[in-house]
Amino acid sequence: MELKLTLFGVDILGRKTPAPGGRIGSGAATGAELLEVGRLTPEAALARLESSADGLLDRDADARLQRYGRNEVAHERHKSPARRLAELFLTPLSVLLLGLAIVNYLTGESKGAIVIALMVMLAVLLSFVQEFRSGKAAERLRAMVSTTATVLRRDVGLDLPEGVDRQFPIAVHPKPAARREIPLSNVVPGDIVYLSAGDIVPADVRILSARDLFINQASLTGESLPVEKHAIEAPAGLRSALDLANIGFMGTNVVSGTASAVVVVTGPRTYFGGIASQVAGQRVLTSFDRGVNRFIWLIIRFMAVMVPLVFLVNGFTKGNWLEAFLFAVAVAVGLTPEMLPMIVTINLAKGALAMSRKKVIVKRLNSIQNLGAMDVLCTDKTGTLTQDKVILEKHVDVYGEESERVLEYAYLNSFYQTGLKNLLDVAVLEHVEVREHLKADSRFAKVDEVPFDFQRRRMSVVVAEQDGPHILICKGAVEEVFAVCNRAEQHDEVVALEEGHYDELQAVTREFNEDGFRVIAVAYKELPRGQTTYSVADEDGLVLAGYIAFLDPPKESAAAAIRTLQEHGVAVKVLTGDNEAVTRNICRQVGLPVEDVVLGSEIDALSDEALAARTDKVSVLAKLSPAQKARVIKALHLRGHVVGFLGDGINDGPALRAADVGISVDTAVDIAKESADIILLEKNLLVLEEGVVEGRKVFGNISKYIKMGASSNFGNMFSVLGASAFLPFLPMAPVQILVNNLLYDFSQTTVATDNVDEDYLRKPRQWDIGNIGRFMLFVGPISSLFDYVTFGTLIWFFGGWTNQTLFQTGWFVESLLSQTLIVHVIRTGKIPFLQSKPSFPLLVTTLGVCLLGLWLPTSPFADALGLTPLPRAFALALIGILGGYMLLTQLAKTWLIRRFGLS
């Protein structure tokens, strides 16, 4: 068959047709059926599936295709551009702003309506374009796949006597079976399929015959090393289908060897299909989504109180209810952070652009902030912490001490064996220095070979060195090699093995196994020349030389990345399907504590609360199923954590979807890439730390706008409410409020470029509505206090009580300058300009808007805006008011940081 990489490279959208014998994605039904078939002989398995060694007839295959449905699995349904655009327009804040725009338009304030609508449209379109472009990039990353499988099928032929019209067949018989390439989606239960190195298993299959077959199941089970598969029936005691050595699972790939197999289940009833169906639904709201929504509802609740109050106060005190209504609408616009969607989108898009330069594709913009807020990173082990590559790590004698002699024997065995080399042989043969030292291809000659089989679980080659004796070199499973050894090498001496020696020998291999190594024993014996053929009978009376041990080692960047993440306040937890011993060893090497390991078998017995308490305290969880990984992440959510998950396998799909931010790599299976929010183009974990910092910068700049806007708007509304109660006229005209708001918002468009203090980047940052509320309550009234100082100054020193235009102009200028300049105080937890400098674009826009605000009363637009030139003496008063406001706000901010930890 010709499957090159993955199963999602084309549109394999599962048709959820229930198959007889179990519901779609039913792991229990599928597992029971696989266990039943796995316990049968190959012949009985074929009979059970109503198939034969010659394959299915075409007409039978067609009937089964109708009965069971196509061999397709569900994957994430991609929303149409129109639907995604509509969703962006229907967020609570967008709906609120569009509602205010409509009210403005209906009340004659068409310019204000257009400005508000344009801001909403700009924010939505920016977000849509960035997501669309990222989605396209992610689609291009999806590996292209040849969607055919090699099956054995038979057609029906007709026997026609000579001269008989072909319209009248006399006999019908099947034509000889032939191998065919058919679309993957047309594979059905009962089909005979052929597998070879590089193929992906097209369905859950029962192996009928195999030669040196090794299948990599890491993407499904998390096992770090390829698994040997064979055709022998499974023992009755096996309880898990994933432990069956004669079953191949859909989506796993053949590393070496060849096999024929019969298809047991297809499509959504496979293990892969069951996992795919779990991740194809609606995504849950992330930390960022929940935070934005809470803030918006806080503002809406505040508006629900303030706006009617302003309307009623002005209506009763001024008597002009239409004017009071227009003023209340303008106040509502002023209270609304209408630039929030655009500020958020610009910040996120800037972060996505910065991350793209570091070879990271951001599929969902919101995930950047979630990356910054993340305080727990859960990661799979195989392929993420490890290299996903088998390496010969140790070659030792029977005492566990390094031995070059053992490596030489192992090399000769792997070098001279015929047939396909499995991953372990490849790892041995990578030691090319041994070949050069031994001169393996010139100094030695191969005499014969005793091939591997699954009963013996060992193989031997016989070589001769020039005029020397024949040397039979055997390697294989430790127990099976022990069984044919009666001697062992002991420091260059050969000693007889007694009964008690075997316990000592097993202690060495047991120690390796407990550290997660895969151990192979190496033995030999010398034989006189003359014999030319050898058999299993010659594998007797061998000398045990020692062991070779293999491991999937950690990546070079793993330890440094974990250490850096921990320094940035991100706890790292390993969630793997692999066994405890392997996981402990890898975690020790990368610097993760492994005092306690939680196993999947324990998790099922725990309640959600108990699991949340347990997972909060441990760093390693092993032997987890895909559903258990997702449950662990949900348990961490119960403890208030923002959780990221890094994985690249089929079994990681549900966890990637459950996390606040799912991270995968471009070489991952498509189900992982579809579930992920962020895709790394390089498997370099250090990129994650850079992403975390970038996410915190994004959140820092978004929170600056929110705190600045919320506190100044809150203060302004107290000013408006008080002024409305005692002034004989409106404190500011509706058009002035809208222009003031527009200019202030423009000054904030460059917040995305602002510098973020190093102190701020050192720990995770999450939405805290309580802190935002405190900031509003403490800093807002300071703004209002200096507004009242301005009112008093205008009334007592400049005749503002009798000059409505002068009063409104004075407050317009003071309000605009105060809320624009205060940005520089609120943007940092330090002393502005001295300890923390703003970005140049932010400095330009804020100073530019201040200068524009000072110019407008003398500009050609003054009459249209209801403004008038201010007395020069007011400029001096303004400097004092602004200086006092910024100083008091700095003091209040410093106290808030010390008292509540706000920053």
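### Side note on the overall build of the protein
Okay, so step 1: Within the protein, the regular secondary structure consists of 33 helices and 26 strands.
Okay, so step 2: The buried share among the 903 residues of the protein stands at 57%.
Okay, so step 3: Accessible area of the protein: about 36,600 Å², with a carbon and sulfur share of 57%.

### A closer look at the packing of helix α22 (residues 608–615) against helix α23 (residues 626–638)
Okay, so step 1: Interhelical geometry of α22 versus α23 gives an angle of 85 degrees and a closest axis separation of 8 Å. Considered as vectors, α22 and α23 are oriented roughly perpendicular to each other. For the pair α22 and α23, contact is made by Asp608, Leu611, Ala612 and Thr615 and by Arg631, Val632, Ala635, Leu636 and Leu638, respectively.
Okay, so step 2: Looking at the contact of α22 with α23 residue by residue, the classes come out as six nonpolar, one polar and two charged.

### As for the nonpolar core
Okay, so step 1: In terms of nonpolar packing, the biggest core is built from 130 residues, with Phe295, Ile663 and Leu680 touching the most fellow members.
Okay, so step 2: By residue number, the principal contributor to this core is helix α26 (residues 686–726), which donates 16 residues.
Okay, so step 3: Excluding its chain neighbours within four sequence positions, the residues that come into contact with Leu680 are Lys359, Val360, Leu646, Ile663, Ser664, Val665, Asp666, Val687 and Leu688.

### Regarding the packing of helix α19 (residues 558–567) against α26
Okay, so step 1: Where α19 contacts α26, the axes come no closer than 8 Å and their chain directions differ by 20 degrees. Classified by the angle their axes make, α19 and α26 are roughly parallel. Touching Ala560, Ala561, Thr564 and Leu565 of α19 are Leu686, Leu688, Glu689 and Val692, all from α26.
Okay, so step 2: Tallied by class, the residues present in the contact of α19 with α26 amount to six nonpolar, one polar and one charged.

### Some points on the sheet that holds strand β21 (residues 571–575)
Okay, so step 1: Read from one edge to the other, the open sheet built from eight strands follows the order β11-β26-β25-β24-β12-β21-β23-β22, with strand pairing classed as mixed. At either end of the open sheet lies a strand with only one pairing partner, and these are β11 (360–362) and β22 (597–599). Sheet twist, expressed as the average angle between the axes of neighbouring strands with direction ignored, equals 20 degrees.
Okay, so step 2: Where helix α12 (residues 366–373) meets the sheet, it contacts β11, β25 (661–665) and β26 (678–680), and its direction lies at approximately 100 degrees from that of β25.

### Some details on the packing of aromatic side chains
Okay, so step 1: Here the structure, examined in full by the defined rule, presents 19 aromatic pairs.
Okay, so step 2: On the numbers, 5.6 Å between centres and 70 degrees between planes, the contact of Phe729 with Phe807 is edge-to-face. A residue pair is termed long-range when its members are at least 10 positions apart, and Phe729 in the loop between α26 and α27 (734–747) and Phe807 in helix α29 (residues 804–821) qualify at 78 residues. Judged on exposure class, the residue Phe729 and its partner Phe807 are both buried.
Okay, so step 3: Through a chain of ring-to-ring contacts, the aromatic side chains of Phe726, Phe729, Tyr788, Phe791, Trp801, Phe807 and Trp811 assemble into a single cluster.
Okay, so step 4: If you follow Arg179 out to its NZ or CZ, it ends over the ring of Tyr194, 3.5 Å from the centre.
Okay, so step 5: Positioned above the aromatic ring of Tyr760 is the side chain of Arg765, whose terminal nitrogen or guanidinium carbon lies 4.1 Å from the ring centre.

### Thoughts on the confidence of the model for the protein
Okay, so step 1: Per-residue confidence for the protein gives a mean pLDDT of 82, with 87% of residues at or over 70.
Okay, so step 2: When mean pLDDT is taken per element in the protein, helix α31 (residues 840–855) scores highest with 95 and strand β3 (residues 156–159) scores lowest with 56.
Okay, so step 3: Counting interchain partners and residues more than four positions distant, the pLDDT-below-50 stretch residues 1–27 has 88 contacts.
Okay, so step 4: Every residue in residues 140–146 scores below 50 in pLDDT, and together they form 22 contacts with partners more than four places removed in sequence or on other chains.

### Points about helix α28 (residues 769–798)
Okay, so step 1: Here α28 spans 41 Å end to end across 30 residues, near enough to the 44 Å set by a 1.5 Å rise per residue.
Okay, so step 2: Trailing α28 by a residue or two, Gly799 shows a phi angle of about 70 degrees, which is positive.

### Section: the side chain of Arg456
Okay, so step 1: Note on placement: Arg456 falls in the loop between β14 (444–453) and β15 (458–465).
Okay, so step 2: A distance of 3.0 Å separates the side chain of Arg456 from the backbone oxygen of Arg458, its partner in a polar contact.
Okay, so step 3: Engagement of the side chain of Arg456 in a polar contact is seen with the side chain of Glu539, the distance being 2.8 Å.

### Quick look at the environment of Asp608
Okay, so step 1: Within the element layout of this structure, Asp608 appears in helix α22.
Okay, so step 2: You can call Asp608 partly exposed: its relative accessible area is 40%.
Okay, so step 3: Sequence-wise, Asp608 and Leu638 are 30 residues apart; in three dimensions their C-alpha atoms are separated by 8.4 Å.
Okay, so step 4: Aside from chain neighbours lying at most four places away, what touches Asp608 is Arg631, Ala635 and Leu638.

### Details of the environment of Ser209
Okay, so step 1: Structurally, the position occupied by Ser209 is in strand β7 (residues 204–216).
Okay, so step 2: Under the relative-accessibility criterion, Ser209 is labelled partly exposed at 36%.
Okay, so step 3: Excluding residues that lie within four positions of it along the chain, Ser209 makes contacts with Ala231, Thr258, Ala259 and Ser260.
Okay, so step 4: Of the polar contacts made by the side chain of Ser209, one reaches the side chain of Ser260; its length is 2.7 Å.

### A few points about the pattern of salt bridges
Okay, so step 1: Under the counting rule described, the total for this entry stands at 24 salt bridges.
Okay, so step 2: With a closest N to O distance of 2.7 Å, Arg153 and Asp191 form a salt bridge. With Arg153 in strand β2 (residues 148–154) and Asp191 in the loop between β5 (178–183) and β6 (192–196), this pair connects stretches of sequence that are 38 residues apart.
Okay, so step 3: A salt bridge links Asp596 to Arg614, with the nearest nitrogen and oxygen atoms 3.1 Å apart.

### Looking at unusual backbone geometry
Okay, so step 1: Notably, Lys623 is not glycine yet its phi reads approximately 55 degrees, a positive angle.
Okay, so step 2: Here Lys623 lies in the loop between β23 (620–622) and α23.
Okay, so step 3: Its relative accessible area of 47% is what places Lys623 among the partly exposed residues.

### A few points about a negative patch on the surface
Okay, so step 1: Residues Glu402, Glu404, Glu433 and Glu436 make up a contiguous surface patch of negative charge.
Okay, so step 2: Positionally, Glu436 belongs in helix α15 (residues 432–438).

### As for a nonpolar patch on the surface
Okay, so step 1: A cluster of nonpolar side chains, namely Leu785, Val789, Leu887, Leu888 and Leu891, defines an oily patch on the protein surface of about 430 Å² accessible area.
Okay, so step 2: Mapped by element, the contributors of at least two residues to the nonpolar patch are α28 and α33 (872–900).
Okay, so step 3: Examining the composition of the nonpolar patch, we find that three residues originate from one element, α33, more than from any other.
Okay, so step 4: When you line up the elements, Leu785 lands in helix α28.
Okay, so step 5: Accessibility expressed as a relative area gives 45% for Leu785, which makes it partly exposed.

### Observations regarding the pairing of strand β16 (residues 470–477)
Okay, so step 1: Counted residue by residue, β16 has eight buried out of eight residues, so it is predominantly covered.
Okay, so step 2: In the sheet, β15 pairs with β16 via seven bridges, with the strands oriented antiparallel. The residue bridging Met459 from the neighbouring strand is Lys475, located in β16.
Okay, so step 3: In sequence, β15 turns back onto β16 through a hairpin of four residues, with Gln466 there showing a positive phi of about 45 degrees.
Okay, so step 4: Summarising the sheet, β16 and strand β19 (residues 518–527) pair through eight bridges and their orientation is antiparallel. The partner of Ile473 across the bridge, within β19, is Tyr524.

The rules behind each value
- Residues numbered from 1 in each chain as written.
- Predicted model: local features only at pLDDT ≥ 70, side-chain atom pairs only at ≥ 80, totals over all residues.
- Heavy atoms only, no water.
- Helix = DSSP H or I, 4+ residues; strand = E, 2+ residues; numbered from the N terminus.
- Buried < 20%, exposed > 50% of the residue type's maximum accessible area, 1.4 Å probe, protein only.
- Areas by Shrake-Rupley, 256 points an atom, 1.4 Å probe, with all protein chains shown as cover.
- Axes fitted to C-alpha atoms, helices over the stretch in contact; angles between N-to-C directions.
- Parallel < 35°, antiparallel > 145°, perpendicular 65-115°, else oblique.
- Contact = heavy atoms within 4.5 Å.
- Nonpolar A, V, L, I, M, F, W, Y, C, P; charged D, E, K, R; others polar.
- Core = buried A, V, L, I, M, F, W, Y, C linked by side-chain atoms within 4.5 Å.
- Pairing = 2+ DSSP bridges.
- Phe/Tyr/Trp six-rings, centres within 6.5 Å; stacked < 30°, edge-to-face > 60°.
- Lys NZ or Arg CZ within 6 Å of the ring centre and 35° of its normal.
- pLDDT = per-residue confidence, 0-100.
- Expected span 1.5 Å × (residues − 1).
- Polar contact = N/O pair within 3.5 Å; in protein donor to acceptor, adjacent residues only side chain to side chain.
- Salt bridge = Lys/Arg side-chain N within 4 Å of Asp/Glu carboxyl O.
- Patch = residues over 30% accessible without salt bridge, like charges linked within 9 Å, V, L, I, M, F, W, Y side chains within 5 Å.
- Lys, Arg positive; Asp, Glu negative; His and termini not counted.
- Charge placed at Lys NZ, Arg CZ, Asp CG, Glu CD.

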